[in-house]
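Reading the structure
Listed below are the residues making up each chain.
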Amino acid sequence: MTEDTGADSLFGNYARYDAASLNTLRWRRVFLLGCGALVLGFVMLLLVRMLYGSIFQCTPALWTQYFPSAEFLKQDTITDLNAPQADDVAPDGPQGDWRQVTLPYTGIPRTKVIPSASQGHAMTSWYRFSVTPTAAMGEMSNDITFYLPRWKTEGRLAVYQNGHLVWRSHGDIIWNSFNRPVLIDLPAAGPSVILLRMDTLPGFGGAITPAWVGQHDALFWRYRIRLALQCIVPGIFAVVLLSMAAVLFFVALARPDSDLYMLFVSAAILYTTRILHFMGPLDPTIISPVWFGWATVNSMCWLIVVGWLFCCGLAEVEFRWLKRLLVWGMIACTVATSPLFHSSATISALALCAYIFCFTLSTPTMPLLMAAMWRRRSGSGMLLLFWNMLMFPIAVHDMLMANYYVSIEHVYLLPYITPDLFLCCLYILCRRYINALGLAERSNQILETRLRAQEMTLRDTYERLHQIEQRELLVAERQRLMRDMHDGLGSTLTGAIHLADRAASHEVLAQTLKDCLFDLKLTVDSLEPVDADLLLLLANLRFRLAPRLHAQGVMLEWAVTPVPSMQWLTPSYALHILRILQEVITNILKHAQASRIRLSTATEHPGILVRIEDNGSGFQPDTRINEGRGLHNICWRANALSGHVEWQLSNPGTHFILWLPIENPAARA
């Protein structure tokens, strides 16, 4: 699968939308594009109005004088840069061999790649302009302006009118306002001589562009256009890119594959640092000029390296040795240009060497990256490489311009091409992010479908298991009832039939049938819900026993106390307890000839005690073993409850103790 598969484009894949949703999405997009076009048009109108406002005003023609040439003088003396420039000079400038030159003109060419240390000395050159306003100017003494689109030198500049200083450059002499146009309101409106004094460090070079003199409104729009192109727009680009980088930084923190995002963030920071080079002049009180130069020069080199790494990451190729050579070579350049070893002027001169080094190493890999992108059928990657390769001639243009081989009247192009490269990178990152969201959405849909199918399967399985469990419970309950009825009611009825066959007395037969009825009622009572309450079960037993005991003249003493709930007390277990107590009480009535029976409860952790005491003749199990249903059934049922029973002789009578666990017993029945 190539990179461009998955989502169809940056604008998404519409396959998952129905017709109504698709139409809504399209109209929403048209509306947003229309709003964006209106906002862009309004912003462009404001920019045109701001920059070209004086052109559209219905005002009389304003006077301007354009200087495509000037008189030039290069002094042979050395100027001390530590001394301030003079406030007054000769009205026509110093005496010397003045000659006419065509502007732009490089009065002092760059002579060395790395000029030698100047130790505060500079070469001075002069440019002279003769201002001749028309007679229609009248007495407009406060409306004359001098405009210079650009001057460039490692040094300083001063402007004089009729020998009087009217303007001088400020800030650092290396990182000065070379990229900022000059607009000066002249004090005198009549014919005058304007002198430009340029002090240049030896071997660095210096030049100026053509100049203008005229009324303020006639030149101000030109100044604003130049200022916007050379300073404001690159600064706006830097702020916008930093804002995008801030958003992508937080996106990168939440993604495992965040290398490309972090490279974009690093590139935006490096670009902003580089743009500070064009925003001068530098105030030395804010940051040291030597560290400022080191940061701005190396930021451009590192920006080239980061862009190359971004392309490699996008193409998923790794030129291991070249990557190491480029990164470690750039680290070496960064250390070599450190302010610990060089001055601000030397760092400025070394910038060309650093740029050549980066371009030399990264250029040969572009065909290889192009081949990798072609194999991946990555249109966005090809677009990114196109902008990268476009940067090479643009960078050459800017380097030639910085070294006076191209007219300084041109505009530096890298601050404009680099944001386009950033937009291409942002497009690729957004596309990858949207593709990832689309893939996650489709994966969630697949997982949701599978989960729904699994839920239905589990629900069906649960229903089948529940039905099987219900059937098994019914079968088990039916078997229990059949066993109890066979052992209890069945055996009693069988005995009654035998008595009837032997013509037993009416009283014996009636008692046998009453026992049978009592056994049936006891079985029915075991089916009643008792909510884990042993006392409620015993109360039902008392309700059944009281009439029978009263008829036989036996007094029942009820001495139960509250006991913990028994969550395991199911109907099967309840019947076991009732059968045990029934058997014990029946034995007392038949064999002990007791007149009083006492039933009590107590808690003996981790169980509950149920005691039955009588005042009869007494009973010792080990001396009177019953091989029938009696004692054997009692012990078997107690064992099924995970409890135990005990008989104790007393004087008079017998104490029967049934111990039951509070927690769930092991089901052995």
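Going along each chain's sequence as written, the residues are numbered from 1 onward. Since the coordinates come from a predicted model, pLDDT governs what is reported: local features require at least 70, and pairs of side-chain atoms require 80 or more to be given and counted, while whole-chain, interface and lining totals use all residues. Values shown for side chains rest on all heavy atoms present in the structure; no hydrogens or waters enter the calculation.

1. Structural notes on the nonpolar core
Counted only if it meets this: Note on terminology: a nonpolar core comprises buried Ala, Val, Leu, Ile, Met, Phe, Trp, Tyr and Cys residues joined through side-chain atoms within 4.5 Å. Whether a residue is buried, partly exposed or exposed follows from its accessible area with a 1.4 Å probe, protein chains only, as a fraction of its type maximum: under 20%, in between, or over 50%, in that order. Counting from the N terminus, the helices are the DSSP runs of H or I reaching at least four residues and the strands are the DSSP runs of E reaching at least two. Pairs of residues are marked as contacts when any of their non-hydrogen atoms sit within 4.5 Å.
In terms of nonpolar packing, the biggest core is built from 70 residues, with Trp308, Leu369, Leu384 and Phe422 touching the most fellow members. Contributing elements (two or more residues each) for this core: α3 (216–253), α4 (259–275), α5 (289–315), α6 (320–336), α7 (344–362), α8 (365–376), α9 (379–402) and α10 (414–501). Here this core takes 15 residues from α5, the largest share from any one element. When near neighbours in sequence (up to four residues on either side) are disregarded, Phe422 contacts Leu241, Phe264, Ala267, Ala268, Tyr271 and Leu303. With 38 residues, the next largest nonpolar core counts Met566, Ile580, Ile634 and Val645 among its residues.

2. Notes on α8
How we decide: Multiplying 1.5 Å by the residue count of a helix minus one yields the expected span of that helix. Relevant arc is that of directions from the helix axis to the C-beta atoms, nothing else.
Between its first and last C-alpha atoms α8 spans 17 Å; for twelve residues at 1.5 Å apiece the expected length is 16 Å, and the two agree. Of the residues making up α8, those classed as buried are Thr365, Met366, Leu369, Ala372, Met373 and Arg376. Down the axis of α8, the buried set is contained in an arc of 120°. They therefore lie on one face. Across α8 from its buried face, at more than 90 degrees, point the exposed residues Pro367, Trp374 and Arg375. Taken from the residues just after α8, Arg377 is the one with a positive phi, measuring 55°.

3. Regarding the sheet that holds strand β4 (residues 105–108)
The test is simple: Here, any two strands with at least 2 DSSP bridges between them count as paired. Here an angle of 0 to 180 degrees is reported between the N-to-C directions of two axes, which are lines fitted to C-alpha atoms, with helices fitted over the stretch in contact.
Overall, antiparallel pairing links the three strands, which are arranged β4-β12-β7 in an open sheet. In this open sheet, the two strands that pair with only one neighbour each are β4 and β7 (151–153). Here the strands of the sheet are splayed against their neighbours by 15° on average, with no regard to which way each runs. Of the strand pairs in this sheet, β4 and strand β12 (residues 206–208) are connected by three bridges, and their pairing is antiparallel. The residue of β12 that forms the bridge with Thr106 is Ala207.

4. Comments concerning the packing of α5 against α6
This is how the line gets drawn: In what follows, roughly perpendicular refers to angles from 65 to 115 degrees, roughly parallel to angles under 35, roughly antiparallel to angles over 145, and oblique to any angle outside these ranges. Under the scheme applied here, ten amino acids are nonpolar (Ala, Val, Leu, Ile, Met, Phe, Trp, Tyr, Cys and Pro), four are charged (Asp, Glu, Lys and Arg), and all others, including Gly, are polar.
For the pair α5 and α6, the least separation of the axes is 10 Å and the interaxial angle reads 175°. Put simply, α5 runs roughly antiparallel to α6. Here Trp294, Asn298, Cys301, Trp302, Val305, Trp308 and Leu309 of α5 come into contact with α6, specifically with Leu322, Lys323, Leu326, Val327, Met330, Ile331, Cys333 and Thr334. The residue inventory of the contact of α5 with α6, partitioned by class, reads twelve nonpolar, two polar and one charged.

5. Re a nonpolar patch on the surface
For clarity, the cut-off: Patch definition: residues with relative accessible area over 30% and no salt bridge; like charges joined within 9 Å; nonpolar side chains (Val, Leu, Ile, Met, Phe, Trp, Tyr) joined within 5 Å. Areas reported as accessible are Shrake-Rupley estimates using a 1.4 Å probe. Residue values count occlusion only from the protein chains shown. Just to be clear on terms, a salt bridge is a Lys or Arg side-chain nitrogen sitting within 4 Å of an Asp or Glu carboxyl oxygen.
The grouping of Ile286, Ile287, Trp291, Trp328, Ile331, Val335, Leu340 and Phe341 at the surface amounts to a nonpolar patch, some 890 Å² of accessible area in total. No other element matches the three residues that α6 contributes to the nonpolar patch. By secondary structure assignment, the location of Leu340 is in the loop between α6 and α7.

6. Points about the packing of α4 against α5
To be explicit about the condition: Rotating anticlockwise by less than a right angle from the far helix to the near helix defines a left-handed crossing, while the corresponding clockwise rotation defines a right-handed one.
In the contact formed by α4 and α5, the axes pass within 8 Å of each other and the chain directions differ by 155°. The pairing of α4 with α5 is recorded here as roughly antiparallel in orientation. The crossing of α4 and α5 is left-handed. For the pair formed by α4 and α5, the contact residues are Leu260, Leu263, Ala267, Leu270, Tyr271, Thr273 and Arg274 on the first element and Ala295, Thr296, Val297, Ser299, Met300, Trp302, Leu303, Val306, Leu309, Phe310, Gly313 and Leu314 on the second. Tallied by class, the residues present in the contact of α4 with α5 amount to 14 nonpolar, four polar and one charged.

7. Here we look at the environment of Leu314
For Leu314, the position within the fold is in helix α5. A residue is classified by how much of its surface remains accessible, and Leu314, at 0% relative accessible area, is buried. Along the primary structure Leu314 and Leu384 are separated by 70 residues, whereas in three dimensions their C-alpha atoms are 9.5 Å apart.

8. What about the environment of His121?
Residue placement: His121 occurs in strand β5 (residues 121–131). Spatially, the C-alpha atom of His121 lies 5.7 Å from that of Leu81, the residues being 40 residues apart in sequence. The residues touching His121, leaving out its near neighbours within four places in the chain, are Ile78, Thr79, Leu81, Leu201 and Pro202.

9. Describing the pattern of salt bridges
If you walk through the whole model with that rule in mind, you get nine salt bridges. Linked by salt bridges that have partners in common, Glu557, Arg596, Arg598 and Glu613 make up one network.

10. Considering the sheet that holds strand β2 (residues 69–80)
With antiparallel pairing, the six strands of this open sheet are ordered in space as β3-β2-β5-β11-β8-β9. Each end of this open sheet is capped by a strand with a single partner; those strands are β3 (99–102) and β9 (164–168). Along the sheet, successive strands turn relative to each other by an average axial angle of 35°, direction set aside.

11. Focus: the side chain of Thr153
As a reminder, the rule being used: Here a polar contact is taken to be a pair of N or O atoms separated by no more than 3.5 Å, where protein atoms must pair a possible hydrogen donor with a possible acceptor and residues adjacent in sequence count only if both atoms sit in side chains.
Structurally, Thr153 can be placed in strand β7. For Thr153, the side chain forms a polar contact with the side chain of Thr200, separated by 2.8 Å. Sequence-distant contacts of Thr153, that is, excluding residues within four places in its chain, are made with Ile173, Asn176, Met198, Asp199, Thr200, Gly205, Gly206 and Tyr404.

12. Things to note about the confidence of the model for the protein
Rules: Each residue carries a pLDDT value, the predictor's own confidence for that position, ranging from 0 to 100.
Confidence in the prediction of the protein, expressed as mean pLDDT, is 79, and 79% of residues score 70 or more. Segment residues 1–16 is flagged for pLDDT under 50; beyond a separation of four residues in sequence, or across chains, it makes 31 contacts in the model. Counting contacts from residues 623–627, a segment whose pLDDT is below 50, to residues more than four positions away or on other chains yields five contacts.

13. Here we look at the side chain of Asp398
Along the chain, the position of Asp398 falls in helix α9. A distance of 2.9 Å separates a polar atom in the side chain of Asp398 from the backbone nitrogen of Leu414. Setting aside its immediate chain neighbours within four residues, Asp398 contacts Val411, Tyr412, Leu413, Leu414 and Pro415.

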